[in-house]
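# Residue-level structure breakdown
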Amino acid sequence: MDELLRATGVCKHYVLGDTCIEVLKGVDLGVVRGEIVAVVGASGVGKSTLLHIVGGLDHPASGTVVIDDVDLFALSDTDRAKFRNRQIGFVFQFHHLLRDFTALENVMMPLMIAGISSDEARVPAQKLLRDVGLEKRLAHLPSELSGGEAQRVAVARALVTKPAIVLADEPSGNLDVARSAELHALIWELARTRQQTCIIVTHDQHLAARADRVVEIEDGRLVA
Ligand SMILES: Nc1ncnc2c1ncn2[C@@H]1O[C@H](COP(=O)(O)OP(=O)(O)OP(=O)(O)O)[C@@H](O)[C@H]1O
Ligand SMILES: [Mg+2]
């Protein structure tokens, strides 16, 4: 078993005034290479919090996250940001595309941040946009795309660096049911054909059922 990700004893709480909300109370999660794991659980249970910590966007109060033998929170902030840019692809609930850049430029961006020239970045970015069915929308700004199209650009952007792992947080949260099913199917197909390791947060039972494994967060812990 070739383990890519190992989270151990992850705890997280939020303090607001004199109340403390304990969200994660010691989460352990391992993901092997090529695996697609679905994370489910009631609203507010800590799914996004876990994804942010596993992706190095947020610090746990205690616990460790190791990806590809790299201990995320032992890195300096700068090194962790670099690691994130190269090895982790995020699809957020809302697409967070850069509004002043075209679809193509948005997908090229992670490659260019990693130091790849725009000429070299353009080729894989165009290919991925073709794979998500947007070859005719390369020059559109986010405001000139439909919600579903913008999400597909975000999916292409998350995959373009060939990251070690893709973390998708309810990518369809703001789409209607049909669009959402379509987008789920697309992420699944892309992940499967690229053997892309993936953690997907979802409320959708049908989607979760297609994962290699489903884990549920309940009362701050993971249950299988
Ligand atoms: N910055 C913050 N400050 C205080 N509390 C927070 C903060 N972020 C999240 N929380 C609380 O932590 C809990 C977990 O939030 P989280 O966003 O991880 O839930 P979730 O499982 O993703 O929910 P949903 O399914 O609705 O997206 C919630 O109760 C939320 O109110
Ligand atoms: Mg959430």
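Up top is the structure.
Every chain's residues receive numbers from 1 upward, in the order its sequence appears when written. To read the labels, note that chains go from A and ligands from 1, taken in the order they are written. Owing to the predicted nature of the model, reporting of local features is limited to residues with pLDDT of at least 70; listing and counting of side-chain atom pairs is limited to 80 or more, with chain, interface and lining totals taken over all residues.

In this section: the sheet that holds strand E5 (residues 70–71). Read across the open sheet, the four strands follow the order E2-E1-E4-E5; overall the sheet is antiparallel. The open sheet has two edge strands with one neighbour each: strand E2 (19–32) and E5. C-beta atoms are first placed from the backbone for all residues, and any pair lying within 7 Å is then listed as a contact. Axes here mean lines fitted to C-alpha atoms, for a helix over just the part in contact, with angles spanning 0 to 180 degrees between N-to-C directions. Strands here mean DSSP runs of E at least two residues long; helices mean DSSP runs of H or I at least four residues long; both are numbered from the N terminus. Set on the sheet, helix H1 (residues 47–54) makes contact with strand E1 (3–16), E2 and strand E4 (62–67); between it and E1 the angle comes to about 125 degrees. Here, a strand pair is defined by DSSP locating no fewer than two bridges between the strands.

Turning our eyes to something else, we now look at the packing of helix H3 (residues 103–113) against helix H4 (residues 118–131). Direction vectors running N to C along H3 and H4 enclose 125 degrees, while the axes themselves pass 8 Å from each other. By the angle between their directions, the pair H3 and H4 is classed as oblique. H3 and H4 meet at a crossing whose hand is right-handed. Two secondary-structure elements touch here, H3 through Ala103, Leu104, Val107, Met108, Leu111 and Met112 and H4 through Ser118, Ala121, Arg122, Ala125, Gln126, Leu128 and Leu129. Residue polarity follows a fixed list, in which Ala, Val, Leu, Ile, Met, Phe, Trp, Tyr, Cys and Pro are nonpolar, Asp, Glu, Lys and Arg are charged, and the others, Gly among them, are polar. Of the residues contributing to the contact of H3 with H4, the split by class is ten nonpolar, two polar and one charged. By the definition adopted for this analysis, an angle is roughly parallel if under 35 degrees, roughly antiparallel if over 145, roughly perpendicular if from 65 to 115, and oblique otherwise. For a crossing to be left-handed, the near helix must be turned anticlockwise from the far one by less than a right angle; the clockwise case is right-handed.

Time to look at the site of ligand 1. Residues are classed as near a molecule or strand if the C-beta position derived from their backbone is within 6 Å of it. Near ligand 1 the following residues occur: Tyr14, Leu16, Ile21, Val23, Gly41, Ser43, Gly44, Val45, Gly46, Lys47, Ser48 and Thr49. Those elements that place two or more of their residues in the shell around ligand 1 are E1, E2 and H1. With three residues, the top contributor of residues to the shell around ligand 1 is H1. Each residue belonging to the shell around ligand 1 can be placed in one class, and the counts come to five nonpolar, six polar and one charged.

The backbone of Asp68 shows a phi angle near 55 degrees, a positive value even though the residue is not glycine. In this fold, Asp68 is placed in the loop between E4 and E5. For Asp68, a count of 13 C-beta atoms within 10 Å translates into the label partly exposed. Not every positive phi belongs to a glycine, and Lys162 is a case in point at roughly 50 degrees. For Lys162, the location among the structural elements is in the loop between helix H5 (147–159) and strand E7 (165–169). Around each residue's C-beta, the other C-beta atoms within 10 Å are counted; 20 or more make the residue buried, 12 or fewer make it exposed, and counts in between make it partly exposed. All C-beta atoms are placed from the backbone.

What follows is about the packing of H5 against helix H6 (residues 177–193). At their nearest, the axes of H5 and H6 sit 10 Å apart, and the two run at 15 degrees to each other. The orientation of H5 with respect to H6, classified from their angle, is roughly parallel. Both H5 and H6 take part in a crossing whose hand is right-handed. Only Arg179, Glu182, Leu183, Leu186, Ile187 and Leu190 of H6 make contact with H5, whose side of the interface consists of Gly147, Gly148, Gln151, Arg152, Val155 and Leu159.

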